[in-house]
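Breakdown of the fold
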Amino acid sequence: MFKFRCVNCNSVDVELYRDRQGYGQDYLNCRCGWQFYGTDRIVALYESQKAAYEESLIVEEPVVEEAPSEPLPEPSEDLCAWEACDKSPQGGRAKRRKGSKYCSRDCSNRNARYRYQQRAKKEAA
Ligand SMILES: [Zn+2]
Ligand SMILES: [Zn+2]
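Just so you know, these numbers come straight off a predicted model, no measurement behind them. (Residues numbered from 1 in each chain as written. Chains lettered and ligands numbered in written order. Predicted model: local features only at pLDDT ≥ 70, side-chain atom pairs only at ≥ 80, totals over all residues.)

The next thing to look at is the overall build of the protein chain. Of the regular secondary structure elements, the protein chain holds 2 helices and 3 strands. Put simply, the protein chain runs from its N terminus to its C terminus through helices and strands in the order β-β-β-α-α. Computed over C-alpha atoms, the radius of gyration of the protein chain comes to 40 Å, more than 25% over the 14 Å expected from 2.2 N^0.38 for 125 residues, which places it beyond the range of a compact globule. For the protein chain, the spread of C-alpha atoms along the three principal axes comes to 105 × 40 × 25 Å. Summarising the internal contacts of the protein chain: among those between residues at least 6 apart in sequence, 19% fall at separations of at least 24. (Helix = DSSP H or I, 4+ residues; strand = E, 2+ residues; numbered from the N terminus. Rg over C-alpha atoms; globule rule 2.2 N^0.38 Å. Contact = placed C-beta atoms within 7 Å.)

Now for the nonpolar core. Listed in full, the 8 residues of the largest apolar core are Leu79, Cys80, Trp82, Cys85, Ala94, Tyr102, Cys103 and Cys107. Cysteine 85 has contacts with Cys80, Arg93, Ala94, Cys103 and Cys107, leaving out every residue within four places of it along the chain. (Core = buried A, V, L, I, M, F, W, Y, C linked by C-beta atoms within 7 Å. Buried ≥ 20, exposed ≤ 12 C-beta atoms within 10 Å, placed from the backbone.)

Attention shifts here to the domain arrangement of the protein chain. Taken domain by domain, the protein chain comprises domain 1 (14–56) and domain 2 (78–125). Taken over C-alpha atoms, the centre of domain 1 sits 85 Å from the centre of domain 2. (Domains from an automatic or database assignment.)

In spatial order, the strands read β1-β2-β3; together these 3 strands make up an open sheet with antiparallel pairing. Two strands bound the open sheet, and with one partner strand each, they are β1 (14–17) and β3 (35–37). Strand-to-strand twist of the sheet, defined as the mean angle between neighbouring strand axes without regard to direction, takes the value 15 degrees. Where β1 and strand β2 (residues 27–30) come together, 4 bridges link them in antiparallel fashion. Residue pairing for β2: tyrosine 17 is matched across the bridge by tyrosine 27. (Pairing = 2+ DSSP bridges. Axes fitted to C-alpha atoms, helices over the stretch in contact; angles between N-to-C directions.)

In an α-helix, one turn spans 3.6 residues, which is why side chains three or four residues apart end up on the same side. Look at helix α2 (residues 105–124): 28 Å from first C-alpha to last across 20 residues, which is about the 28 Å you get at 1.5 Å a residue. Judged by how many residues are buried, α2 sits mostly at the surface: 1 of 20 residues are covered. (Expected span 1.5 Å × (residues − 1).)

Moving on: helix α1 (residues 39–57). Its 19 residues place the ends of α1 27 Å apart at the C-alpha level, agreeing with the 27 Å of an ideal helix rising 1.5 Å per residue. Counting buried residues along α1, only 0 of its 19 residues qualify, which leaves the element largely exposed.

Inspection of the secondary structure assignment puts asparagine 8 in the segment before β1. Separated by 22 residues in sequence, asparagine 8 and cysteine 30 have C-alpha atoms that sit 8.7 Å apart. Those residues in contact with asparagine 8 that sit more than four places away from it in its chain are Cys30, Cys32 and Trp34.

The structure is reproduced here in structure tokens:
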């Protein structure tokens, strides 16, 4: 919370004396003997102290370094159409052969058998 402070001793025990005649000659009086005259000057001093206080509250956020983006996975169109294919060196779906939806004749056959079984199940139901 912002508190106006004496320019001389940095104390918050500064009293404001109102100019009862309305000449804009309010003045500040501190216990250390510091005095400051003029309503406009007091307002300006108050505002500048408040601005400096609020600036000190702003904590700079640390710069977060962006992690390098992961390489995009291979488009699945290049992979064997048999979903249970395990013929790649890593044991997953292998790349399909040119001119074929499958990486191998084996996968083509397994896929055909799978589809045939699905169709047979449907017809049985
Ligand atoms: Zn003072
Ligand atoms: Zn395959």
